[in-house]
Structure formats: structure tokens, C-alpha cells
Amino acid sequence: MYQLFIRSNLLSTLPSIVPPKKSNKVNHHVTIFLPILIVLILAFSSLVCFKLCNNSIKKNNGNTTTTKNGDVFCIWNYDGKIAHDDIIRATEDFDMRYCIGTGAYGSVYKAQLPCGKVVALKKLHGYEAEVPAFDESFRNEVKILSEIRHRHIVKLYGFCLHKRIMFLIYQYMEKGSLFSVLYDDVEAVEFNWRKRVNIVKGVASALSYLHHDCTTPIVHRDVSSGNILLNSEWQPSVSDFGTARLLQHDSSNRTIVAGTIGYIAPELAYTMVVSEKCDVYSFGVVALETLMGRHPQELLSSLQLASTQNMKLCEVLDQRLPFPNNAMVLLDIIRVAVIAFACLNFIPSSRPMMKRVSQSFATELTPLTIPLSEISMQQLMSQEFKALFHILNN
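Residues numbered from 1 in each chain as written. Predicted model: local features only at pLDDT ≥ 70, side-chain atom pairs only at ≥ 80, totals over all residues. Heavy atoms only, no water.

What follows concerns the overall build of the protein chain. Looking only at helices and strands, the protein chain features 17 helices and twelve strands. Counting over 394 residues, the protein chain shows a buried share of 45%. Partitioning the contacts of the protein chain with sequence separation of at least 6, the portion at a separation of at least 24 is 65%. For the protein chain, the accessible area works out to roughly 20,800 Å², and carbon and sulfur atoms hold 57% of it. (Helix = DSSP H or I, 4+ residues; strand = E, 2+ residues; numbered from the N terminus. Buried < 20%, exposed > 50% of the residue type's maximum accessible area, 1.4 Å probe, protein only. Contact = heavy atoms within 4.5 Å. Areas by Shrake-Rupley, 256 points an atom, 1.4 Å probe, with all protein chains shown as cover.)

Spelled out as C-alpha cells, the structure:
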């Protein structure tokens, strides 16, 4: 109707302008040109409306992505209310009063956003941002964490990668790191055996996901008690993916040694080749540390001695906790110990895959006839116990 209305009006004015003998020709041109013009106008209008709607949706979702000279700023989260200015206001421009820790290449801040959400912010200091290795670690962490999802891997809500300011926004973990809990006498007592076993299970599940369920296997390279965070319900999340690496099976995967001293697989010192088995070794250290309440370095360095092999498991367990009296908890403690020693094998190929470790925790076990007080280090490392707990080498 709209097109016809315009056309009839135009035609009504033609006799006073155009000689009668040419009216048929003009009418023919108008008839062809007018619909084409209208279609073009409508198409242009639709394009403008689409663009405006798209920008409005992005604004409402709180998603912002800006790229200029290699700088990237991107903020998002579950409710879309995180914004750069909110972060600056919540920390009073990263005032030290909000600082809750300092890592290898940045400081961690706690911030409460206007929506009530509490987040943790890892900020790279200005002078550190100029160091290529630190800048690369930040960008590597963004790349890895923005592509993976697992209930026991820390969630990345957003990031700002700019030459003037660089920070990452994570979920806030109320209990802090596993390391801080183990070395706090008050927290350690609350951290009972059942909770400790569940922590080890959760970390095993996360590493199994990284190694076996990602499109390209990911090696964390810095699994340690300091990089395992705990929430208010004592659930663990593996964090700090700054040195994580995607495994390329068509290359040598040679690399510089990375990680925390005391958790690094021994073969890295002479082969410089990273593999999933490096994480497996580090996991073994963490599992044993969780049971002992302290780093197992002294035990590991003397493990070949007969006196150490004859030591009983109950002697090395965290003495701050009462002796476990629940049969299933006892069995789980023994299982964690057997798995830990299997993962600590000096020969990488003799260590189990993390998928096998995670599956072992899901297997129902038959109660042992031998009491915990009689189980020795040597028995924990035996093939018999590995078979009993379904942890034989892959």
C-alpha cells in the first residue's frame, strides 16, 4: 500500500511537468526505479537497526572488548555487572589495604563489587609488565582459562591486558591456599581427614580433565599446595596457569624448567622435556603433603633407606589430627598414600596417568584385613597394594 500510495501521487503530478506524448515512457521508468529505491532504503534501515541493537545487547551484558596496538580489555561475568571502573573503585585504585597476597609476578587483591559479588584480582605491577616473561605468563593464563571449564579449576571472570594496567579477575576462594591451611595450626585441625581426602580427589579430577579431556592436552607445570585454592566449603580449585603449556605431540615439547621447588619432577632437570607425567609427580607431592601436614621432602629423600621403608604410615600422618576411627576414612587415607607413592616414582613411564588416578577414587574398595597401625612405607609402594587400589601403571 505504501509503495502504491507514493506511486499514485507521483503520477498525479506528471501531466503538469511532462509532455503528454512522453508520459507512458516516464511512467515506465518510475515504475522500475521506485521499488528498487525503496528496497535499498529498507535494507539500509535494517542494517542500522541491527547494529544499534547489537551494541545495546553488548552494553547490557557488560561485555567489553577493545583492541588497540595489541592491548586487550575484556570484562564479563555471570551477571554482566563487572566493569573496569567498578574494579578501580572497589580497590581504591589497588590500594594495599585490599592486598591479600603476593605471587611470583603480581599481587592479589580482594574486592567487593557494587552487585555484592566478591572477587579476587591478580594485578601485574607496572615494572613487571615491562618484563616479557611476566607479560607472557599473564596472557598465557588468559588464553588457557578462557577456554576450559571444570568445577575444580579456578574460574576466570575477566581480564585487562593493557600496557598501563594488567589484571585478571577470578572467583574468590575464602579459605585461601591449601598451603596456608596446612601450615596454620588452627585451620589444620578443622581440616579433618575426610576433607583432606576430598581435596586430593578434586585435584586429581582437575588434572585428569586437563590431560585427557581437553582438545589439546594441557600440562599445568606448577602443581603445588600454594596453587590449590579452597572455598568456604573446602572444595579445591587448581589455580595459576601462567606457566601452563599445551602439549604438541608432533614436537619435542622442550622447555625451560618451571614450577615450585620441591614439587618439580626430577627428570626435568636433565631432559627439559615437559609431559603429563611432570604434573603427576607434583600431584604425588601434594597428596602426601596433605596427609602429612607438611612438605614430604625429608621422607622422600630417605625413602631408599631400610629404616624409612619400615616406618609405619600412622607415624607420618599429620599428628595434629586425632587418629581416624572410621573404616572408610581409614581406607581412603591408605588409598591416597598408595596413589601418592605411585605418582612419585622416579621413572616417568612408571607413574600412573591422572585419568587412572581419578578413576581409582571412584572405585569401591574392600576393607583391608591389616590395621592401619601395621602398614609400612614399603607395603604402600608394593605392587600388591597398587593392584588392590587399582593404581597399577598404565
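There is more to say, and it comes next.
Turning to helix α10 (residues 276-292), a few remarks are in order. With 17 residues, α10 extends 25 Å from end C-alpha to end C-alpha; this agrees with the ideal 24 Å at 1.5 Å per step. Judged by how many residues are buried, α10 sits mostly within the fold: 17 of 17 residues are covered. Just beyond α10, the residue with positive phi is Gly 293, at close to 80°. (Expected span 1.5 Å × (residues − 1).)

This part is about the sheet that holds strand β10 (residues 228-230). Pairing is antiparallel in the open sheet, where three strands are placed in the order β8-β10-β11. The two strands at the open ends of the sheet, each matched to only one other strand, are β8 (176-177) and β11 (236-238). With two bridges joining them, β8 and β10 adopt antiparallel strand pairing. Residue pairing across strands places Gly 176 opposite Leu 230, the latter belonging to β10. (Pairing = 2+ DSSP bridges.)

For the rest of this paragraph, the subject is the layout of surface pockets. In this structure, the second largest pocket encloses a volume near 460 Å³. Around the second largest pocket, the lining comprises 19 residues; the ones closest to its centre are Leu 300, Leu 303, Gln 304, Leu 344 and Phe 346. Contributions of two or more residues to the lining of the second largest pocket are made by α10 and α11 (297-301). Sort the elements by how many residues they give to the lining of the second largest pocket and α11 lands first, with three residues. Classifying every residue of the lining of the second largest pocket gives eleven nonpolar, seven polar and one charged. (1 Å grid on protein atoms, 1.4 Å probe; cavity = no way out; pocket = protein on both sides within 12 Å on 5 of 7 lines; lining within 4 Å. Points joined across faces, edges and corners; volume = space filled by probe spheres on them. Nonpolar A, V, L, I, M, F, W, Y, C, P; charged D, E, K, R; others polar.)

The geometry of helix α14 (residues 327-343) relative to helix α15 (residues 354-361) is characterised by a closest axis approach of 11 Å and an angle of 170° between their N-to-C directions. Put simply, α14 runs roughly antiparallel to α15. The residues of α15 that touch α14, namely those facing Arg 335, Val 336, Ile 339 and Cys 343, are Val 357, Ser 360 and Phe 361. Classifying every residue of the contact of α14 with α15 by side-chain character gives five nonpolar, one polar and one charged. (Axes fitted to C-alpha atoms, helices over the stretch in contact; angles between N-to-C directions. Parallel < 35°, antiparallel > 145°, perpendicular 65-115°, else oblique.)

What follows covers the packing of aromatic side chains. Taken as a whole and assessed by the stated rule, the structure comprises five aromatic pairs. A ring pair is formed by Phe 179 and Tyr 183, whose centres lie 4.5 Å apart and whose planes are at 35°; its orientation type is tilted. Given a relative accessible area of 41%, Phe 179 falls into the partly exposed group. The partly exposed category is assigned to Tyr 183, whose relative accessible area is 38%. Residues Phe 191 and Trp 234 carry aromatic rings whose centres are separated by 5.2 Å and whose planes lie at 10° to one another, so their mutual orientation is stacked. (Phe/Tyr/Trp six-rings, centres within 6.5 Å; stacked < 30°, edge-to-face > 60°.)

A few words now on the packing of helix α8 (residues 193-213) against α14. Orientation of α8 relative to α14, taken along the N-to-C sense of each, is 40°, at an axis distance of 10 Å. Taken together, the axes of α8 and α14 lie oblique to each other. By crossing handedness, the relation of α8 to α14 is classed as left-handed. Within the contact between the two elements, α8 uses Trp 193, Arg 194, Val 197, Val 200 and Lys 201 and α14 uses Val 329, Asp 332, Ile 333 and Val 336. Partitioned by chemical class, the residues of the contact of α8 with α14 number six nonpolar, no polar and three charged. (Left-handed = near helix turned anticlockwise from the far one by under 90°.)

This part takes up α8. The terminal C-alpha atoms of α8, which comprises 21 residues, lie 29 Å apart, in line with the 30 Å expected from a rise of 1.5 Å per residue. Its side-chain oxygen 3.2 Å from the backbone nitrogen of Arg 194, Asn 192 forms the N-cap of α8. (Polar contact = N/O pair within 3.5 Å; in protein donor to acceptor, adjacent residues only side chain to side chain.)

The subject of this paragraph is the pattern of salt bridges. Following the criterion strictly, the structure yields twelve salt bridges and no others. A salt bridge links Arg 351 to Glu 267; the nearest nitrogen and oxygen atoms lie 2.7 Å apart. Note that Arg 351 is positioned in the loop between α14 and α15 and Glu 267 in the loop between β12 (245-246) and α9 (268-271), a separation of 84 residues in sequence. For the residue pair Arg 351 and Glu 267, the accessibility class agrees, reading buried in each case. Residue Asp 332 is joined to Arg 335 by a salt bridge in which the shortest nitrogen-to-oxygen separation is 2.8 Å. (Salt bridge = Lys/Arg side-chain N within 4 Å of Asp/Glu carboxyl O.)

Moving on to the nonpolar core. Core analysis: the largest hydrophobic core is formed by 87 residues, its most contacted members being Ile 148, Phe 241, Phe 283, Leu 313, Ile 334, Val 357 and Leu 380. Looking at this core, the element that brings in the most residues is α14, giving 13 residues. When neighbours within four sequence positions are excluded, Ile 334 is seen to be in contact with Leu 313, Leu 368, Leu 372, Ile 375, Leu 380, Phe 385 and Phe 389. Core analysis: the next-biggest nonpolar cluster, separate from the first, contains 14 residues, Ala 111, Leu 113, Tyr 157 and Ile 169 among them. (Core = buried A, V, L, I, M, F, W, Y, C linked by side-chain atoms within 4.5 Å.)

What follows concerns the pairing of strand β7 (residues 166-171). Most of β7 sits out of view: six of its six residues are buried. As judged from the five bridges shared by strand β6 (residues 156-161) and β7, these two strands associate in the antiparallel manner. Within β7, the position partnered with Gly 158 by the bridge is Ile 169.

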